[in-house]
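# Inside the fold
Each chain, letter by letter, is given below.
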Amino acid sequence: MTWLESLQEIEELEDAEFDAGLVAEMERAAAQNQDRMVRFSTPTFKEYESSELQSCGKNSFPAFSITAAGCALMCDHCEARILEPMIPAIKPEMLDRKVRELVETEDLQGFLLSGGSNRRNEIRYTRFYPVVEQLKRDFPHLRIAIHTALTDEKGAKEMEAAGVDVAMLDIIGAEETIREVYHLDRPVEDFEATVEALCATSMQISPHIVIGLHYGRILGEENALDILSRHDTKALVLVVIMPFYARPGTFATPDTRDVGRIFLEARRRLPDRQVLLGCARPPGMHKRVTDAYAVMAGLDGIAFPADGAVAVAGLTGRPFHQAHACCSIKLGESSAINSIAMLKNTSCAA
Ligand code: SF4
């Protein structure tokens, strides 16, 4: 039975429409991905439950925003909405107090530090670093991730010195997108320079590419993949634009076929890296189809997998497991992609 025929037998994908040519292409490339473990991540900064997997129900990996809901950039796709569900920590002592409380009450395993940007797409974390450093000293088990936004060598070194484990940022591959969507007057090269500065540290780098960032169109994604292929980031997180964050009518929802093609292209260009599907993507049947393409294209992990994703892993024969952490934070375990022992969301947060 072909993959396309097998997909039709999965109850959750009954009404799904797949591109036959793309599925066949993925099936032809399957041999290279056969032993890659699929990690289904269920981070705790969203409520989650699918028919196949459950959230752990604890706040063990929350996100903090150092600007609360504020952002000076107000990108068209986000308008700072992504910050709203985060725990506000506008003063270092707020972060300190809340983290200690969560360590005691919620078995905190780590956290994501984020916030809105200034007009240059930078986030001013410096005054938070002494607290981060002390928390890391007191609770060495905590894994700390940060949305870096744009930074330079000095900024990257400061993050590293504070004890940040994982640095996350969006890579934008088209000038038009930076100018029009981000309202930002900086070149693509500044995104590559940030990747380079972060790669010069010992932090794990978790770059994100937002598929469809240019108002729902595919534009700079392949260039962003080229940028990453020039730097040893170990991993890449793909997310899909969520038009409902934007003003009505400004963004189209990218076609799942285009999204699937980028998955396949990312897998082809970065064969030795962890390529993960992050939290953000349109819901409903779009998500079910997207997640099925992600598994079939050979991506290494999916955050909040849609119903049907586990069954698709079954049809491809790939092993899978569930992890209760942000898909980026588990990257330290990436060497275990072949290990059955493991069984079981921009500059800001876009
Ligand atoms: S993506 Fe980041 S910089 Fe842009 S509006 Fe959202 S929070 Fe602000």
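Just so it is clear, the model here is predicted, and its values are computed rather than measured.

A few words on the overall build of the protein chain. Assigned secondary structure in the protein chain consists of eleven helices and eleven strands. Here the protein chain, with 350 residues, has 51% of them falling under the buried criterion.

With that out of the way, let us pick up helix α7 (residues 188-199). With twelve residues, α7 extends 17 Å between its outermost C-alpha atoms, agreeing within 8% with the 16 Å of an ideal straight helix rising 1.5 Å per residue. Within the sequence span of α7, burial applies to Phe191, Thr194, Val195, Ala197 and Leu198. All buried residues of α7 fall inside an arc of 165° around its axis, so they share one side. Of the surrounding elements, those touching the buried residues of α7 are α5 (153-162), β6 (166-170), β7 (204-211) and α8 (221-229).

Right, let's talk about the packing of helix α10 (residues 285-297) against helix α11 (residues 309-316) for a bit. Their axes nearest at 9 Å, the elements α10 and α11 cross at an angle of 30°. Comparing the axis directions of α10 and α11 gives the class roughly parallel. As α10 runs across α11, the sense of the crossing is right-handed. Taken together, the residues of α11 that come into contact with α10 (itself represented by Asp291, Ala292, Val295 and Met296) are Ala309, Val312, Ala313 and Thr316. Class assignment for the residues of the contact of α10 with α11 results in six nonpolar, one polar and one charged.

A word on the sheet that holds β6. If you walk across this open sheet you meet the eleven strands as β3-β2-β4-β5-β6-β7-β8-β9-β10-β1-β11, and the pairing is parallel. Of all strands in the sheet, those bounded by a partner on one side alone are β3 (87-88) and β11 (320-323). Relative to β6, strand β5 (residues 143-147) runs parallel, the two being bridged by three bridges. Looking at the pairing, Ala145 lines up with Val166 of β6. Set on the sheet, helix α9 (residues 256-269) makes contact with β7, β8 (235-240) and β9 (274-277); between it and β8 the angle comes to about 175°.

This brings us to the environment of Cys199. When you line up the elements, Cys199 lands in helix α7. Judged by local crowding, Cys199 falls into the partly exposed class, with 17 C-beta atoms found within 10 Å. Once you skip the residues sitting within four places of it in the chain, Cys199 turns out to touch Ile205, His231, Asp232 and Thr233.

Next up on the list: the nonpolar core. Ranked by size, the top nonpolar core spans 104 residues in total, and within it Ala167 and Leu238 carry the most contacts. Here this core takes seven residues from α10, the largest share from any one element. Apart from the residues lying within four places of it in its own chain, the contact partners of Leu238 are Ile209, Ile211, Ile262, Phe263, Ala266, Val275, Leu277 and Gly278.

With that out of the way, let us pick up the confidence of the model for the protein chain. Per-residue confidence for the protein chain gives a mean pLDDT of 88, with 87% of residues at or over 70. For residues 330-350, every residue scores under 50 in pLDDT, and the model assigns this stretch 63 contacts once sequence neighbours within four places are set aside.

With glycine set apart, most residues show a phi of negative sign, and most peptide bonds adopt trans. Positive phi outside glycine occurs at Tyr215, with the angle close to 55°. Considering the arrangement of structural elements, one finds Tyr215 in the loop between β7 and α8. Given 19 C-beta atoms within 10 Å, Tyr215 falls into the partly exposed group. In the Ramachandran plot, Phe304 falls in the positive-phi region, its phi being about 50° despite a non-glycine side chain.

The subject of this paragraph is the pairing of β5. A large share of β5 lies buried, amounting to five of its five residues. Residues Arg143, Ala145 and His147 point to one face of β5 and Ile144 and Ile146 to the other, with burial holding for every one of them. In the sheet, strand β4 (residues 110-114) pairs with β5 via four bridges, with the strands oriented parallel. In the sheet register, Leu113 faces β5, and the bridge partner there is Ile146. Handedness of the β5-α5-β6 crossover: right-handed.

What follows concerns the packing of α9 against α10. Across the interface, α9 lies against α10 with an axial gap of 9 Å and an inter-helix angle of 20°. For the element pair α9 / α10, the angle class is roughly parallel. α9 and α10 meet at a crossing whose hand is right-handed. The segment α9 lies against α10, with Thr256, Val259, Gly260, Phe263, Leu264 and Arg267 engaging His286, Val289, Thr290, Tyr293, Ala294 and Ala297. Class assignment for the residues of the contact of α9 with α10 results in seven nonpolar, four polar and one charged.

What counts, and at which threshold
Residues numbered from 1 in each chain as written. Predicted model: local features only at pLDDT ≥ 70, side-chain atom pairs only at ≥ 80, totals over all residues. Helix = DSSP H or I, 4+ residues; strand = E, 2+ residues; numbered from the N terminus. Buried ≥ 20, exposed ≤ 12 C-beta atoms within 10 Å, placed from the backbone. Expected span 1.5 Å × (residues − 1). Arc of directions from axis to C-beta. Contact = placed C-beta atoms within 7 Å. Axes fitted to C-alpha atoms, helices over the stretch in contact; angles between N-to-C directions. Parallel < 35°, antiparallel > 145°, perpendicular 65-115°, else oblique. Left-handed = near helix turned anticlockwise from the far one by under 90°. Nonpolar A, V, L, I, M, F, W, Y, C, P; charged D, E, K, R; others polar. Pairing = 2+ DSSP bridges. Core = buried A, V, L, I, M, F, W, Y, C linked by C-beta atoms within 7 Å. pLDDT = per-residue confidence, 0-100. Right-handed = clockwise from strand over helix to strand, strands pointing away.

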